[in-house]
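This is what each chain is made of:
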Amino acid sequence: MDMRSRLNAALKTAMKEKDSERLTTLRLINAAIKDREIASRGEGEEVIVSDDDVLGILGKMVKQRQESAKAFEEGARLELAEKERAEIAVIEEFLPRQLNEEEVAKAVEEAISETGAESIRDMGKVMGVLKAKYTGQMDFGAVGPLVKAKLGC
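Residues numbered from 1 in each chain as written. Predicted model: local features only at pLDDT ≥ 70, side-chain atom pairs only at ≥ 80, totals over all residues. Heavy atoms only, no water.

As recorded by an unreviewed UniProt entry, the protein chain carries the name GatB/YqeY domain-containing protein and is attributed to Celeribacter halophilus.

Here it is as structure tokens:
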């Protein structure tokens with residue numbers, strides 16, 4: 001089952017169960033996907049967002065909510081931080097399992113050897129390979145410094 005079908009099935013289930021918090025988050029996900037499709041149409045092409053694009057959107061949404069939850073905690077707004085965490089939990093149901101540190105390090109090593117990367121100039125190639133294979137499974141913001149370190153910078 002593709003990502004859109006899974007999301008729509010979860011949306012219908014949340015409606016039937018009258019789970020308003022889950023329903024709100026699922027609607028936000030659908031809105032983000034539709035926004036991406038509309039933005040693509042503006043470029044003159046009719047595009048249906050792929051599963052990889054959906055994973056990228058979901059990853060971005062999780063990261064935004066993590067940052068918001070942290071800001072709410074720092075501002076002593078714990079109820080809002082909890083709401084953000086609840087949304088993260090719903091979004092993460094649709095993401096693949098996150099790789100642990102060892103698996104990330106191994107994936108970086110494989111990508112470096114696959115691309116033949118030798119210096120920081122090759123970082124884009126390595127990150128491209130990682131994004132193609134592991135979208136939604138790792139935090140690329142945290143992986144960037146690891147790739148730099150492996151390439152000797």
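Counting secondary structure elements, the protein chain contains seven helices and zero strands. Each helix and strand of the protein chain, ordered N terminal to C terminal, gives the series α-α-α-α-α-α-α. Per-residue burial for the protein chain yields a buried fraction of 35% across its 153 residues. A sequence separation of at least 24 residues applies to 57% of the contacts in the protein chain between residues at least 6 apart. Charge-centre separation for the protein chain: the mean point of 25 positive side chains lies 3 Å from the mean point of 30 negative side chains. (Helix = DSSP H or I, 4+ residues; strand = E, 2+ residues; numbered from the N terminus. Buried < 20%, exposed > 50% of the residue type's maximum accessible area, 1.4 Å probe, protein only. Contact = heavy atoms within 4.5 Å. Lys, Arg positive; Asp, Glu negative; His and termini not counted. Charge placed at Lys NZ, Arg CZ, Asp CG, Glu CD.)

We now examine a negative patch on the surface. Residues Asp-2, Asp-51, Asp-52 and Asp-53 make up a contiguous surface patch of negative charge. Structurally, the position occupied by Asp-2 is in the segment before helix H1 (3–17). (Patch = residues over 30% accessible without salt bridge, like charges linked within 9 Å, V, L, I, M, F, W, Y side chains within 5 Å. Areas by Shrake-Rupley, 256 points an atom, 1.4 Å probe, with all protein chains shown as cover. Salt bridge = Lys/Arg side-chain N within 4 Å of Asp/Glu carboxyl O.)

Turning next to the side chain of Arg-22. Along the chain, Arg-22 falls in helix H2 (residues 20–41). Looking at Arg-22, its side chain comes within polar contact range of the side chain of Glu-93, at 2.9 Å. The contact partners of Arg-22, leaving out residues within four places of it in the chain, are Ala-10, Ala-14, Val-90, Glu-93 and Phe-94. (Polar contact = N/O pair within 3.5 Å; in protein donor to acceptor, adjacent residues only side chain to side chain.)

So, about H1. For H1, built from 15 residues, the straight-helix expectation of 21 Å at 1.5 Å per residue is met to within 8% by its first-to-last C-alpha distance of 21 Å. Of all the positions in H1, only Met-3, Arg-4, Leu-7, Ala-10, Leu-11 and Ala-14 are classed as buried. Angular distribution of buried residues about the axis of H1 spans 130°; they occupy a single face of the element. Opposite the buried face of H1, at more than 90 degrees from it, the exposed residues are Lys-12 and Lys-16. Buried residues along H1 sit against H2 and helix H3 (51–74). Where H1 ends, the next residue or the one after it, Lys-18, has phi of about 55°, a positive value. (Expected span 1.5 Å × (residues − 1). Arc of directions from axis to C-beta.)

Let us look at the nonpolar core. In terms of nonpolar packing, the biggest core is built from 21 residues, with Leu-7, Leu-26, Ile-29, Ile-33, Val-54, Leu-58 and Phe-94 touching the most fellow members. Every element with two or more residues in this core is listed here: H1, H2, H3 and helix H4 (78–92). Setting aside residues up to four positions removed in sequence, Leu-58 forms contacts with Met-3, Ile-29, Ile-91, Phe-94 and Leu-95. With 18 residues, the next largest nonpolar core counts Ala-107, Ala-111, Met-123 and Val-129 among its residues. (Core = buried A, V, L, I, M, F, W, Y, C linked by side-chain atoms within 4.5 Å.)

What follows deals with the confidence of the model for the protein chain. Residues with a pLDDT of 70 or more make up 97% of the protein chain, whose mean pLDDT is 87. The weakest mean pLDDT in the protein chain belongs to helix H7 (residues 140–150) at 83; the strongest belongs to H4 at 93. (pLDDT = per-residue confidence, 0-100.)

Next up on the list: unusual backbone geometry. Positive phi, close to 55°, is recorded for Lys-18, a residue that is not glycine. Mapped onto the elements of the fold, Lys-18 is located in the loop between H1 and H2. Judged by its relative accessible area of 72%, Lys-18 falls in the exposed class. Although it is not a glycine, Ala-76 sits at a positive phi angle of roughly 60°. Note on placement: Ala-76 falls in the loop between H3 and H4.

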